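Residues per chain, in single letters:
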Amino acid sequence: MELWIDYECPRCNITIQRNLRELAPEQNRQCPECNVRAVLTEEGLRGLERSLRDLPAS
Ligand SMILES: [Zn+2]
């Protein structure tokens, strides 16, 4: 199961989706357009929460 989390560029207002598995701390969070550091949004957190809830309990 792939887990994704959404970041948002505060300058361009675009959503940057990252695979949690590829996400290293403080890495891969720059906006591809302007290189401003993307921020984690509440919506991104909610999406991750939903994904986690859908994981089979084990
Ligand atoms: Zn940007």
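Look up a bit, the structure's there.
Just so it is clear, the structure is predicted and the values come from calculations on it, not from any experiment.

**Examining the sheet that holds strand 1 (residues 4-8)**
Each strand in a sheet pairs with another by means of backbone hydrogen bonds, the pair being arranged parallel or else antiparallel.
So, point 1. In spatial order, the strands read 2-1-3; together these three strands make up an open sheet with antiparallel pairing. Each end of this open sheet is capped by a strand with a single partner; those strands are strand 2 (15-19) and strand 3 (39-40).
So, point 2. Looking at chain direction, strand 1 and strand 3 are connected through two bridges and run antiparallel. Paired with Glu 8 across the strands is Val 39, a residue of strand 3.

**Some thoughts on the side chain of Thr 41**
So, point 1. Tracing the chain through its elements places Thr 41 in the loop between strand 3 and helix 1 (42-54).
So, point 2. Separated by 2.9 Å, the side chain of Thr 41 and the backbone nitrogen of Gly 44 make a polar contact.
So, point 3. Those residues in contact with Thr 41, other than ones at most four positions away along the chain, are Asp 6 and Glu 8.

**Regarding the coordination of the zinc ion**
So, point 1. In this structure, Cys 9 (SG), Cys 12 (SG), Cys 31 (SG) and Cys 34 (SG) serve as the protein donors to the zinc ion, at separations of 2.2 to 2.3 Å.
So, point 2. Around the zinc ion sit four donor atoms, and with donor-metal-donor angles ranging over 104 to 115° the site reads as tetrahedral.
So, point 3. Residue class for Cys 9 comes out buried when judged on its relative accessible area of 0%.

**As for a nonpolar patch on the surface**
So, point 1. On the surface, a nonpolar cluster with roughly 280 Å² of combined accessible area is contributed by Met 1, Leu 52 and Leu 55.
So, point 2. When you line up the elements, Leu 52 lands in helix 1.

**Let's talk about the pattern of salt bridges**
So, point 1. Under the defined criterion, the tally for this structure stands at four salt bridges.
So, point 2. Here Arg 21 ties to Glu 2 by a salt bridge, and the two come within 3.5 Å at their closest N and O atoms. Note that Arg 21 is positioned in the loop between strand 2 and strand 3 and Glu 2 in the segment before strand 1, a separation of 19 residues in sequence.
So, point 3. A salt bridge links Glu 49 to Arg 53; its shortest N-O distance comes to 3.4 Å. Taken together, the positions of Glu 49 and Arg 53, both in helix 1 and four residues apart, correspond to about one turn of that helix.

Reading the values: rules and limits
- Throughout, a residue's number is its position along its own chain's written sequence, starting from 1.
- Since the coordinates come from a predicted model, pLDDT governs what is reported: local features require at least 70, and pairs of side-chain atoms require 80 or more to be given and counted, while whole-chain, interface and lining totals use all residues.
- No hydrogens and no water enter the side-chain calculation; it runs on all heavy atoms of the structure.
- Strand pairing requires that DSSP identify at least two bridges connecting the strands.
- Note on conventions: DSSP H or I runs of at least 4 residues are helices, E runs of at least 2 residues are strands, and numbering of each starts at the N terminus.
- Polar contact criterion, stated in full: a pair of N or O atoms within 3.5 Å, where within protein one must be able to donate a hydrogen and the other to accept it, and residues adjacent in sequence count only if both atoms are side-chain atoms.
- Throughout, a contact is declared for two residues whenever any of their heavy atoms are within 4.5 Å.
- Only nitrogen, oxygen and sulfur atoms qualify as donors, provided they sit within 2.8 Å of the metal or within 3.2 Å for Na, K and Ca; with water excluded from the atoms, sites may seem incomplete.
- Every geometry call rests on angle ranges, with four donors termed tetrahedral when all angles are between 85 and 135 degrees, four termed square planar and six termed octahedral when opposite donors are over 155 degrees apart and all others are between 65 and 115, and everything else termed irregular.
- Exposed residues in this analysis have more than 50% of their type's maximum accessible area, buried residues have under 20%, and partly exposed residues fall in between, with area computed by a 1.4 Å probe over protein chains only.
- Two distance rules govern patches: like charges are joined within 9 Å, and nonpolar side chains (Val, Leu, Ile, Met, Phe, Trp, Tyr) within 5 Å, applied only to residues with over 30% relative accessible area and no salt bridge.
- Calculation of accessible area relied on Shrake-Rupley with a 1.4 Å probe; when residues are assessed, cover is drawn exclusively from the protein chains displayed.
- Basic side-chain nitrogens of Lys or Arg form a salt bridge, by our definition, when they fall within 4 Å of a carboxyl oxygen of Asp or Glu.

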